[in-house]
Amino acid sequence: MTVQELPGAAAYRPAPPPAWKPLTDPAPLLPDPEPYRVLGTDAVADADPELLLRLYAELVRGRRYNAQATALTKQGRLAVYPSSTGQEACEIAAALVLEERDWLFPSYRDTLAAVARGLDPVEALTLLRGDRHTGYDPRAHRIAPLCTPLATQLPHAVGLAHAARLKGDDVVALAMVGDGGTSEGDFHEALNFAAVWRAPVVFLVQNNGFAISVPLAKQTAAPSLAHKAVGYGMPGRLVDGNDAPAVHQVLGEAVARARRGDGPTLVEAVTYRMDAHTNADDATRYRVESEVEAWREHDPIRILERELTGRGLLGDEGIEEAREAADRMAAALRERMNADPVLNPMDLFAHVYEEQTAQLREQAARLRVELDAEQDQHGDEDVEERR
């Protein structure tokens, strides 16, 4: 006999306590059915021509940066490089919407966003070269370390944003993550804390279709990744991730909302990863070339260039100028990356803890003995070359 079959059970139907009622109206939090676009719509008439031209120049430079970094891996100058070719509109927009006092929390694929924010291109690649833990001072640039573990940078962004608000600092944190990162627990914990604390943080999900070889349909059954925001009590925005002015506008509105004290926003930018996951990946195992070619027709540089030339804002001379500037950047990057850095193995123990643990001190002492012995055997110059 079940509980409902017990005598008098039908009459016992208590009303839920008031706490069950929604804390917020879910309707305003829902994303639009289709990704927001500017290019090719009436909204483009309101776009700032100077912003469009700047976005174009940065996109061209970003594409060249990706190509050069990929070539450096083939030359053995980089251990690995996760290209963002095809996703440049997301990267550039994320960098340009932030004020100098704000913080960027990138993933391992977001080197281009860091460079567009002003980070030295060589310093942005130092981690991927295997030389140092980070390669730059996060505080000096307001850019958190490039994060290789999936989504662990998101709770960090929330913590920094919440702490800034408690201190009265006018700071917004923008955290970037791929669609694969939304399957990690850190993603959900970060969104929950951010919404409860109304932290001034913006989450940008670059949905490029694949978590390495896993397509989005095998990760989630949600209508979109932007819909996940509603469950945590924040707005979800859906935007065409290849439409640079659209991404810039949506992120700009989210940053302004966070700065006003209205809490976090989750933005899903629908884009596509043109290159393989990294130089170690064979993308032909899980996708066909016709799919890639279809996305090339919606290339972020191509569709913006078409708009600018159609409106008479960009001509052949401007296109060539942007390409030449990008080539000069790539040449300088190539020259500097071809120089072998002088590294000190003892740096392995620096910047791990504020105060070294006993185990680290023991390991450092052991390495120092080995280095001194090698120096006695081979001489200073030979040891320096080995380093």
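Computed from a prediction, not measured in an experiment: that's the story for all the values here. Every chain begins its residue count from 1, and numbering advances along the sequence as written. Where local features are concerned, this predicted model is filtered to residues with pLDDT of at least 70; where side-chain atom pairs are given and counted, the filter is 80 or more; whole-chain, interface and lining totals use all residues. Each side-chain value is worked out from all heavy atoms of the structure, with water and hydrogens disregarded.

Asker: Honestly, the overall build of the protein in this entry has me stumped. Any pointers?
Answerer: Assigned secondary structure in the protein consists of 13 helices and 7 strands. When its C-alpha atoms are laid out on the principal axes, the protein stretches across 95 × 65 × 50 Å. In this scheme, a residue with accessible area under 20% of its type's maximum is buried, one over 50% is exposed, and one in between is partly exposed, where area comes from a 1.4 Å probe on protein chains only. In the protein, which comprises 387 residues, the proportion classed as buried is 44%. The criterion used for residue contact is that any of the two residues' heavy atoms lie within 4.5 Å. Put simply, of all contacts in the protein between residues at least 6 apart along the chain, 74% involve residues at least 24 apart. The accessible surface values rely on the Shrake-Rupley method and a 1.4 Å probe; as for residues, cover is taken only from the protein chains in view. Working note: accessible area of the protein is about 19800 Å², and carbon and sulfur atoms make up 52% of it. Positive charges are assigned to Lys and Arg, negative charges to Asp and Glu, while His and the chain termini are left out of the count. Charge coordinates come from a single atom per side chain, which is NZ of Lys, CZ of Arg, CG of Asp or CD of Glu. Distance between charge centres in the protein, computed from 41 positive and 61 negative side chains, equals 4 Å. Going along the chain from the N terminus, every DSSP run of H or I of four or more residues is numbered as a helix, and every run of E of two or more is numbered as a strand.

Asker: Any chance you could explain the packing of helix 6 (residues 153–167) against helix 7 (residues 185–197) here in plain terms?
Answerer: Only C-alpha atoms enter the line fits that serve as axes; for helices the fit covers just the stretch in contact. Angles between N-to-C directions range over 0 to 180 degrees. With their axes 8 Å apart at the nearest point, helix 6 and helix 7 run at an angle of 15 degrees to one another. In terms of axis orientation, helix 6 runs roughly parallel to helix 7. In this structure, the crossing between helix 6 and helix 7 has a hand that is left-handed. Only Asp186, Phe187, Ala190, Phe193, Ala194 and Trp197 of helix 7 make contact with helix 6, whose side of the interface consists of Leu154, Pro155, Val158, His162 and Arg165. Only Asp, Glu, Lys and Arg are considered charged, only Ala, Val, Leu, Ile, Met, Phe, Trp, Tyr, Cys and Pro nonpolar, and every remaining residue, Gly among them, polar. Here the residues of the contact of helix 6 with helix 7 are counted per class, giving 8 nonpolar, 1 polar and 2 charged. Should an angle lie under 35 degrees it is considered roughly parallel, over 145 roughly antiparallel, and from 65 to 115 roughly perpendicular; all remaining angles are considered oblique. Rotating anticlockwise by less than a right angle from the far helix to the near helix defines a left-handed crossing, while the corresponding clockwise rotation defines a right-handed one.

Asker: Please explain the packing of aromatic side chains as it appears in this structure.
Answerer: Each aromatic ring pair is characterised by the separation of its centres together with the angle its planes make. Working definition: a ring pair exists when centres of Phe, Tyr or Trp rings (six-membered ring for Trp) sit within 6.5 Å. Plane angles under 30 degrees give stacked, over 60 give edge-to-face, the rest tilted. Counted under the stated rule, the structure contains 6 aromatic pairs. For the pair Trp103 and Phe105, a centre-to-centre distance of 6.0 Å together with 35 degrees between the ring planes defines the contact as tilted. The exposure classification of Trp103 matches that of Phe105, with both residues buried.

Asker: What am I meant to see in a nonpolar patch on the surface here?
Answerer: The grouping of Phe193, Val196 and Trp197 at the surface amounts to a nonpolar patch, some 300 Å² of accessible area in total. Tracing the backbone through its elements, the reader meets Phe193 in helix 7. We classify Phe193 as partly exposed; its relative accessible area is 43%. Nonpolar side chains (Val, Leu, Ile, Met, Phe, Trp, Tyr) are joined into patches within 5 Å and like charges within 9 Å, using only residues with over 30% relative accessible area and no salt bridge. Take a side-chain nitrogen of Lys or Arg and a carboxyl oxygen of Asp or Glu: if they are within 4 Å of each other, that pair is a salt bridge.

Asker: What should I look at first to understand the packing of helix 1 (residues 49–74) against helix 11 (residues 316–337) in this one?
Answerer: Any two packed helices are characterised by how steeply their axes cross, that is the angle between the axes, and by the distance between the axes. Taken N-terminus to C-terminus, the directions of helix 1 and helix 11 make an angle of 35 degrees; their axes are 9 Å apart at the nearest point. Considering only the axes of helix 1 and helix 11, their crossing is right-handed. Within the contact between the two elements, helix 1 uses Tyr56, Val60, Arg61, Arg64, Tyr65, Gln68 and Leu72 and helix 11 uses Ile319, Ala322, Arg323, Ala326, Asp327, Met329, Ala330, Leu333, Arg334 and Met337. Per-class residue counts for the contact of helix 1 with helix 11 are 11 nonpolar, 1 polar and 5 charged.

Asker: Would you take a moment to explain the pairing of strand 6 (residues 236–240) for this structure?
Answerer: Two faces make up the sheet, and in a regular strand the side chains alternate between them. Of all 5 residues in strand 6, 4 are buried; the element is thus mostly enclosed. For two strands to count as paired, DSSP must find a minimum of two bridges between them. The sheet contact formed by strand 6 and strand 7 (residues 265–270) spans 5 bridges and is parallel. In the sheet register, Asp240 faces strand 7, and the bridge partner there is Val270. Here, the term right-handed applies to a crossover whose path from the first strand over the helix to the second runs clockwise when the strands point away from the viewer. Crossover handedness for the path strand 6 to helix 8 (residues 244–260) to strand 7: right-handed.

Asker: What is the right way to look at the sheet that holds strand 1 (residues 103–105) in this model?
Answerer: Strand pairing in a sheet is mediated by backbone hydrogen bonds. Such pairs are either parallel or antiparallel. Sheet architecture is open: 5 strands sit in the order 1-2-3-7-6, paired in parallel fashion. Taken across any chain shown, the strands that pair with only one partner, and hence form the sheet edges, are strand 1 and strand 6. For this sheet the average axis-to-axis angle between neighbouring strands, irrespective of direction, equals 20 degrees. With 3 bridges joining them, strand 1 and strand 2 (residues 173–178) adopt parallel strand pairing. Note that in strand 2 the partner of Leu104 across the bridge is Leu174. Sheet strands in contact with helix 7 are strand 3 (201–207) and strand 7, and its direction is about 150 degrees off that of strand 3.

Asker: Where do I start with the side chain of Thr111 in this structure?
Answerer: Note that Thr111 resides in helix 3 (residues 111–116). By relative accessible area, Thr111 is classed as buried at 0%. Among the polar contacts listed, one links the side chain of Thr111 to the side chain of Tyr81, at a separation of 3.3 Å. Here Thr111 is in contact with Tyr65, Tyr81, Glu91, Ala124, Leu128 and Leu146, once residues within four sequence places are set aside. Within 3.5 Å is the distance limit for a polar contact, defined as a pair of N or O atoms, with the added protein rule that one can donate a hydrogen and the other accept it, and that residues adjacent in sequence qualify only through two side-chain atoms.

Asker: Can you help me understand helix 6 in this one?
Answerer: Since the α-helix turns once every 3.6 residues, residues separated by three or four places project in the same direction. Taking 1.5 Å of rise per residue, 15 residues should cover 21 Å, and helix 6 covers 21 Å from first to last C-alpha, within 8% of that figure. Each element contacted by the buried residues of helix 6 is listed here: strand 1, strand 2, helix 7 and strand 3. One or two residues past the end of helix 6 sits Gly168, with phi positive at roughly 85 degrees. A helix is expected to reach a length of 1.5 Å times the quantity of its residues less one.

Asker: Explain the nonpolar core here, please?
Answerer: Across soluble globular proteins, nonpolar side chains show a tendency to be buried alongside one another. Ranked by internal contacts, the top residues of the largest apolar core, which has 64 residues, are Tyr56, Tyr65, Leu125, Leu174, Val202, Leu251 and Leu304. In contact with Leu174, not counting residues within four places along its chain, are Ala94, Val97, Leu98, Trp103, Leu104, Phe105, Val202, Leu204, Leu251 and Val255. Buried Ala, Val, Leu, Ile, Met, Phe, Trp, Tyr and Cys residues that are joined via side-chain atoms within 4.5 Å together make up what is termed a nonpolar core. Leu154, Val158, Ala164 and Phe203 belong to the second-largest nonpolar core, a separate cluster that totals 26 residues.

Asker: Any chance you could explain the pairing of strand 3 here in plain terms?
Answerer: Strand 3 sits mainly inside the fold: 7 of its 7 residues count as buried. Both faces of strand 3 are covered, namely the face carrying Val201, Phe203, Val205 and Asn207 and the face carrying Val202, Leu204 and Gln206. Bridging between strand 2 and strand 3 involves 6 bridges; their strand directions are parallel. Within the sheet, the bridge partner assigned to Gly178 lies in strand 3 and is Gln206. Considered for its hand, the β-α-β crossover made up of strand 2, helix 7 and strand 3 is right-handed. The pairing of strand 3 with strand 7 spans 6 bridges and is classified as parallel. Residue pairing in the sheet places Val202 in a bridge with Thr265 of strand 7.

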